[in-house]
Structures are given as C-alpha cells and as structure tokens.
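Overview (structure and organization)
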Amino acid sequence: MTTSPDLLKSPDEPPMPSATLGGESKRSIEQVALLLFITVPFVALLAAVPLAWGWGVSWLDLGLLVFMYYLGCHGVTIGFHRYFTHGSFKAKRPLRIALAVAGSMAVEGPLVRWVADHRRHHKFSDAQGDPHSPWRFGETLPALLKGLWWAHIAWMFDEEQTSQEKYAPDLLADPAIRRISRDFVFWTALSLAIPPLVGGLVTMSWWGAFTAFFWGSLVRVALLHHVTWSINSICHAVGKRPFKSRDRSGNVWWLAVLSCGESWHNLHHADPTSARHGVMRGQIDSSARIIRWCEQLGLAHDVRWPSAARIDSKRNEDGGRSRRKEKAAEAA
Ligand SMILES: [Zn+2]
Ligand SMILES: [Zn+2]
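No experiment lies behind these values; they were computed from the predicted model shown.

Next up on the list: the coordination of the zinc ion (ligand 1). For the zinc ion (ligand 1), the full set of protein donor atoms is His121 (NE2), His236 (NE2), His265 (NE2) and His269 (NE2), at a range of 2.0 to 2.1 Å. For the zinc ion (ligand 1), the 4 donor atoms are set out with angles of 95 to 158 degrees between them, so the coordination reads as irregular. Read in sequence order, the donor residues coordinating the zinc ion (ligand 1) give the pattern H-x114-H-x28-H-x3-H. The metal-metal distance between the zinc ion (ligand 1) and the zinc ion (ligand 2) comes to 6.0 Å. Here His236, found in the loop between helix 10 (206-233) and helix 11 (265-270), pairs with His269, found in helix 11; they are 33 residues apart in sequence, far enough to count as distant. Each member of the pair His236 and His269 is classed as buried.

Laid out in structure tokens, this is it:
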C-alpha cells in the first residue's frame, strides 16, 4: 500500500544520525518546544477575531498571511507528503532542496520525523500502530470525541516516537536533507521573521512589523496547523468514500482549498503514490496543479499521474457506503 521502505538495519551497523531536533536523548526539550509552537499561534488565532475589529487588517498583512500560508502548505503537501513520503514523482536536486525548505517553513516539526510518522500512519491506518487514528479509543461517541482530540493534536506528545531509521532510511542517507531536518528551529525562526521584516520595511514602522507578525506569522501558523491536523482527524472520521481503502479515510470537499488538495483523503489512501488526490471532476487540487507546472518546467519527472482505468479500478462498487455498513455486510 505504501512506499515505506522496510529496511531494518542489522544490530552491528553503526547507528544513523538522528534528524530530529536535539537528537533522541533530548525528547523533553522537543516536547516543550512543540507545546510552545502549538499553543502560542493558537492563542493568537483566538485573539485574532476581536483584534481584527479594533485594528482592521491591512492588505499587506493579509497578503503576507496568504503567501506564507500557501508557501508552507504546498511545501508540506507537495514536498513532505507527496514527494518525500510517497515518492509520487522524482525531483531535480534544486526542487528537492526547495521542497524540503518550503515544507520546513510550515512549522510542523522536522522533515524526517514528519515523513516517518506519516509512513507509519499509512502502514497501520486506523489499526493498532497508527500514530494518529481518531478511532483509537473505540466507536462510541465519547470515544470518538476523545479520538478526534488525539488525532488532531494529542498524538504529537506521545512518548512513543516513530523510528526514523526504520521508516525513513532513504532520507537519513541524504546529508543535505538530514541537515535541513535537523535545522528545524532555524527554519521556524525564518518562517516567523519574514512577515514582520517585510511588514516593517514596507510601512517603515514598528507597528507595521508587529501587525505583520501577528497576522502573517502567528495566525498563519495556527491556521495551517489546524488545517493539516484536520486531515488526520476530520478526514478519518467523516467524508465520502468513493474509493476502496482498508481504513476510514474520507473525501471532505470543504477543506480542499485550504488543505491544497489533501482533503481528498479517501482517494489518497486508496492510491497513496498518486500525484493527484482530487481525481474526480471539479475536485480542486492545487498541489497537483503545481506538480504539473514543475513537470512542464523540467524540475519534476516520472510523475505518477493516475490513468482513468487505474482510478476506475479503485472505485467502491457501492459508490461509497460507510465502513460501518461494510462491516455489517461482511459479518452477515
Ligand atoms: Zn490518512
Ligand atoms: Zn499519505
């Protein structure tokens, strides 16, 4: 199902260097950093609504928010996800590096850790071993509510971390990628510094720098976090299931634009290496569009575009019944 290389190393080989912030031994520092990265932008997002009435939002702040949002979002969806995790296309070296950097600007943790977690998610999707299934605690309503919270945020604080050596040896073998992954704090600082720098220089004022930081850095990061995490929580709990997958992934149309096409999540689990997730008529998938542009520019090649026959072969005969009904049918 997934491209995850299952290359377990023999015990006598030297350990590969970790590409996670602080290495394996300083997990508590990472936990604190994670807590700050999650809570501070979220508080900013909560504060944004009342403040927006008082200050108004300048076009510059809004422009910075939208630009930085889609830079990081596409860095994650095209880079971290479709390219590094699933290998849905091959990239020339400059594009490979650019995607690693752009994705790191989304402040979603070090690249190699992101990829290792996501490969494990596909290997065990919605079964034991999945790092973030909303069905972890059961199928009753309280269990699902608890599970949604787990899939959205709480899983990241889990002590049990995915082995990078087991799940992402291909990335650890590339020194440049390992370095970009380990310099996660630098990319975070840069990502947060660009909006106030631009805002301050354009308006030539500290206030301009401050409002640009608020909207372009804090609110933007919070919004992107919640949209990304919604793919793990919402898209594994609700949505249409027109394609065959052994988990509960669903296609959620109202998240398509904000998630850069990633909320066509049922197709993604049915065909994980496909470069296009929104394969049906009218399904917006900006990530697929940009991959196409990169292909036309000669930066990407061997793109796994799904053929009509392949898409048809993945369809559910019943047009997307719920998993519960499927199970009932299996039991009958
Ligand atoms: Zn999923
Ligand atoms: Zn995936």
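From this point, things continue past the structure.
What follows concerns the nonpolar core. Core analysis: the biggest nonpolar cluster contains 34 residues, and Phe84, Phe89, Leu95, Leu99, Leu111 and Leu171 have the highest contact counts within it. Elements that contribute at least two residues to this core include exactly helix 2 (59-85), helix 3 (93-104), helix 4 (111-124), helix 7 (169-172), helix 8 (175-182), helix 10 and helix 12 (286-296). It is helix 2 that provides the largest number of residues to this core, a total of 7 residues. When neighbours within four sequence positions are excluded, Leu171 is seen to be in contact with Phe84, Arg96, Val112, Val115, Ile177 and Arg178.

Here we come to the packing of helix 2 against helix 10. Between helix 2 and helix 10, the shortest axis-to-axis distance is 9 Å and the interhelical angle comes to 35 degrees. For the pair helix 2 and helix 10, the sense of crossing is right-handed. Where helix 2 approaches helix 10, its residues Asp61, Leu64, Leu65, Met68, Tyr69, Gly72 and Cys73 are matched on the opposing element by Gly208, Thr211, Ala212, Trp215, Gly216, Val219, Arg220, Leu223, Leu224 and Val227. The class makeup of the residues in the contact of helix 2 with helix 10 is 11 nonpolar, 4 polar and 2 charged.

Bringing the coordination of the zinc ion (ligand 2) into the picture now. Where a metal carries four tetrahedral donors, each ideal angle is 109.5 degrees; where it carries six octahedral donors, the ideal angles are 90 or 180 degrees. At 2.0 to 2.1 Å from the zinc ion (ligand 2) lie its protein donor atoms, namely His81 (NE2), His86 (NE2), His118 (NE2), His122 (NE2) and His268 (NE2). The motif formed by the donor residues of the zinc ion (ligand 2), counted along the single chain, is H-x4-H-x31-H-x3-H-x145-H.

So, on to the UniProt feature "transmembrane region" (unreviewed entry) in the protein chain. Following the UniProt record, one finds the feature "transmembrane region" (unreviewed entry) at residues 32-56, 62-84 and 184-207. With 100% helix and 0% strand, residues 62-84 has end C-alpha atoms that lie 30 Å from one another. With 92% helix and 0% strand, residues 184-207 has its two end C-alpha atoms placed 28 Å apart.

The next thing to look at is the side chain of Thr162. Take Thr162: it is sitting in the loop between helix 5 (141-152) and helix 6 (164-167). For Thr162, a relative accessible area of 10% translates into the label buried. Separated by 2.5 Å, the side chains of Thr162 and Asp117 make a polar contact. When residues no more than four places from it in sequence are discounted, the contact partners of Thr162 are Ala116, Asp117, Arg120 and Tyr167.

A few words on the pattern of salt bridges. Using the criterion set out here, one finds 11 salt bridges in the structure. The closest approach of N and O atoms between Arg82 and Glu262, which form a salt bridge, is 2.8 Å. Highlighted residues: Arg82 in helix 2 and Glu262 in the loop between helix 10 and helix 11, separated in sequence by 180 residues. Neither residue differs from the other here; Arg82 and Glu262 are each classed as buried. Here Asp174 ties to Arg93 by a salt bridge, and the two come within 2.9 Å at their closest N and O atoms. Placement of the pair is Asp174 in the loop between helix 7 and helix 8 and Arg93 in helix 3, with a sequence separation of 81 residues. Classification of Arg93 by relative accessible area gives partly exposed; the value is 44%.

Moving on to helix 10. Over its 28 residues, helix 10 runs 39 Å from end to end, which matches the ideal 40 Å to within 8%, given 1.5 Å per residue. Helix geometry: helix 10 is bent most strongly at Arg220, by close to 30 degrees. Counting buried positions over the 28 residues of helix 10 gives 23, a clear majority of the element. Sitting at the amino-terminal end of helix 10 is Ser205, which places a side-chain oxygen 2.9 Å from the backbone nitrogen of Gly208.

Analysis parameters
- Residues numbered from 1 in each chain as written.
- Chains lettered and ligands numbered in written order.
- Predicted model: local features only at pLDDT ≥ 70, side-chain atom pairs only at ≥ 80, totals over all residues.
- Heavy atoms only, no water.
- Donors = N, O, S within 2.8 Å, 3.2 Å for Na, K, Ca; no water.
- Tetrahedral: all angles 85-135°; square planar, octahedral: opposite > 155°, others 65-115°.
- Helix = DSSP H or I, 4+ residues; strand = E, 2+ residues; numbered from the N terminus.
- Buried < 20%, exposed > 50% of the residue type's maximum accessible area, 1.4 Å probe, protein only.
- Core = buried A, V, L, I, M, F, W, Y, C linked by side-chain atoms within 4.5 Å.
- Contact = heavy atoms within 4.5 Å.
- Axes fitted to C-alpha atoms, helices over the stretch in contact; angles between N-to-C directions.
- Left-handed = near helix turned anticlockwise from the far one by under 90°.
- Nonpolar A, V, L, I, M, F, W, Y, C, P; charged D, E, K, R; others polar.
- UniProt positions renumbered as here; feature names shortened; annotations may be inferred.
- Polar contact = N/O pair within 3.5 Å; in protein donor to acceptor, adjacent residues only side chain to side chain.
- Salt bridge = Lys/Arg side-chain N within 4 Å of Asp/Glu carboxyl O.
- Expected span 1.5 Å × (residues − 1).
- Bend = angle between axes of the 7 residues up to and from the residue.

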